[in-house]
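# Structure assessment
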Amino acid sequence: GALSAGGATLKVLPDSSILVEGPNPESDSYTIVAQTSLKTIAGMRLDVVSDSNLPGSGPGRDTDGTFVLSRIEAQVSPKGAPQTVQPVIWKRAEAQQSAPSFSIQGLVDSKGSTGWSIDKPKAGQLGQVSAFFEADDGAGFEQGTALTITLSNRSKKKTANLGRFRLSVTSSKN
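First things first, this report covers the structure right here in the doc. (Residues numbered from 1 in each chain as written. Predicted model: local features only at pLDDT ≥ 70, side-chain atom pairs only at ≥ 80, totals over all residues. Heavy atoms only, no water.)

### Focus on the environment of Ile41
We count it as follows: Runs of H or I in DSSP of at least four residues are treated as helices and runs of E of at least two as strands, each being numbered from the N terminus. Residue contacts follow a heavy-atom distance rule, with two residues in contact if any of their heavy atoms lie within 4.5 Å.
Tracing the backbone through its elements, the reader meets Ile41 in strand E5 (residues 41–49). The spacing of Ile41 and Glu134 is 93 residues in sequence and 9.0 Å in space, taken between C-alpha atoms. What Ile41 contacts, discounting residues up to four positions off in sequence, is Thr36, Val76, Ala135, Gly138, Ala139, Thr145, Leu147, Val169 and Thr170.

This is how it looks when you write it as structure tokens:
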């Protein structure tokens, strides 16, 4: 499932992306819970997807279509045993694009005061930008893995929440 801490609606679309609708509260966080048969989670991909339903046809909910992602946290537990929780530590991140002063490294550094964003989309240009995260030590369980992923905006641009995104995980270290 998918949940907004601020009361927005997270709608899963046919392409497995999530469109955020309804209220756009200040500094929202989204929590996504999913299960996989993967025994090891070595990495994660986050696609931010432009959408004509969002301001400026961007991937974000701020008035100009931008977003700032301040934190991305993940936890894993064995399928059927949610009380056994392991944090996933991201050791490396890279993105196809980052806005000036909003490097993807801001999501894996220890500063906690930065975040990731991309350049404002140009008029009429829809598409997606991907970011990749490598886990420090593969996390997961033999019987399959339940994942809890939280995406948060804690930036000074308080309404710069994500508007449309897609998450996927891999067991491959490449």
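### A closer look at the packing of aromatic side chains
How we decide: The rule is short: rings of Phe, Tyr and Trp, with Trp giving its six-membered ring, pair when the centres are within 6.5 Å, and they are stacked under 30 degrees, edge-to-face over 60, tilted in between. Buried residues are those whose accessible area, probed at 1.4 Å on protein chains only, stays under 20% of the maximum for their type, while exposed residues exceed 50% and partly exposed ones sit between those limits.
Tallying each qualifying case throughout the model produces three aromatic pairs. On the numbers, 5.8 Å between centres and 5° between planes, the contact of Tyr30 with Phe165 is stacked. Of the two residues, Tyr30 is situated in strand E4 (residues 29–36) and Phe165 in strand E11 (residues 164–170); the sequence distance between them amounts to 135 residues. Of the two residues, Tyr30 and Phe165, both sit in the buried class. Relative to Trp116, the ring of Phe67 has its centre 5.4 Å away and its plane inclined at 70°; by these criteria the two rings are edge-to-face. Residue Phe67 is located in the loop between E5 and strand E6 (71–78), and its partner Trp116 is located in the loop between strand E8 (90–95) and strand E9 (128–139); the two are separated by 49 residues in the primary sequence. We classify Trp116 as buried; its relative accessible area is 0%.

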